[in-house]
Amino acid sequence: MISKMILSSEKYGCSEEIMTVAAMVSLDNTVFYCPKEKRVLSGQAHRAFMDEDGNQLTLLKIYNEYAASDFSSDWCKENYIQSRTMKVARNIRDQLVNLADRLEIKMTSKVDDKVAIRKAITAGFFLNTARFAGDSYRRIKKKDSVYMQPSSVFSVLEDSPRYVVYNNIVATKKEYMRCVLRIDPHWLTEVAPHIYKDSDFDGDRRYKKMPI
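Because the structure is a prediction, the values reported are computed rather than measured. (Residues numbered from 1 in each chain as written. Predicted model: local features only at pLDDT ≥ 70, side-chain atom pairs only at ≥ 80, totals over all residues. Heavy atoms only, no water.)

### Re the overall build of the protein
So, step 1. Scanning the protein from N- to C-terminus turns up 9 helices and 5 strands.
So, step 2. Written out in order from the N terminus, the α and β elements of the protein read α-α-α-α-α-α-α-β-β-β-α-β-β-α.
So, step 3. The C-alpha atoms of the protein give a radius of gyration of 17 Å, which matches the 17 Å a tight globule of 212 residues would have.
So, step 4. Of the contacts made within the protein by residues no fewer than 6 positions apart, 67% connect residues no fewer than 24 positions apart.
So, step 5. A total accessible area of about 11,300 Å² is found for the protein, and carbon and sulfur atoms account for 48% of it. (Helix = DSSP H or I, 4+ residues; strand = E, 2+ residues; numbered from the N terminus. Rg over C-alpha atoms; globule rule 2.2 N^0.38 Å. Contact = heavy atoms within 4.5 Å. Areas by Shrake-Rupley, 256 points an atom, 1.4 Å probe, with all protein chains shown as cover.)

### A word on the layout of surface pockets
Where empty space is left can be seen by rolling a probe of water-molecule size over the atoms.
So, step 1. Here the largest pocket is characterised by a volume of approximately 440 Å³.
So, step 2. Lining the largest pocket we find 20 residues, and of these Thr30, Val31, Asn55, Leu59 and Ser151 sit closest to its centre.
So, step 3. Of all the secondary structure elements, the ones that give two or more residues to the lining of the largest pocket are α4 (55-68), α8 (153-156) and β5 (175-182).
So, step 4. Residue contributions to the lining of the largest pocket peak at 4 residues, all from α4.
So, step 5. Looking at the lining of the largest pocket residue by residue, the classes come out as 11 nonpolar, 7 polar and 2 charged. (1 Å grid on protein atoms, 1.4 Å probe; cavity = no way out; pocket = protein on both sides within 12 Å on 5 of 7 lines; lining within 4 Å. Points joined across faces, edges and corners; volume = space filled by probe spheres on them. Nonpolar A, V, L, I, M, F, W, Y, C, P; charged D, E, K, R; others polar.)

Read these as layout, nothing more, since geometry by itself doesn't imply function.
What follows is the structure in structure tokens.
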């Protein structure tokens, strides 16, 4: 799915941003850290990074600011970000960029075009989709229930987007969506017309004529 996302990024003109997203979502460790004695300060610092459209864009913002600081460990410390984790992300991203160069994927950037970035992510993870169903989400194709991970941007911001794509599922007592992104469902018919049709979403008035 990450490979598909990277390949699709060329079409949407946001290869630079998607390389970063790919590197950041590949991390097993959490990016944030929250010392007990500075819980309020760290929480405020973390909230400042949170993007209303989802975790992937939040991670993109963190990396871009980290890069703008010249990959500073002091910046990580000031913002309660795991320095070691960010160094791993930088290494992964460098490897992906080198691989893209070998595959002749053109590196382009649309850092301010969140729609293009979200479409590229959706193109990779179109099978991992869910619709809000009140107290949970239901996967669009499998129809089973999944839940928003408590550490998700949307849980922190107390927002429940109607349609989402997610990177993977973490199973404990329930199945939780990890790394969640807000989408327009009609993007699914653009990136995966062999699976989704506009009629799948036409019953939802809110999304009938939503501009893309």
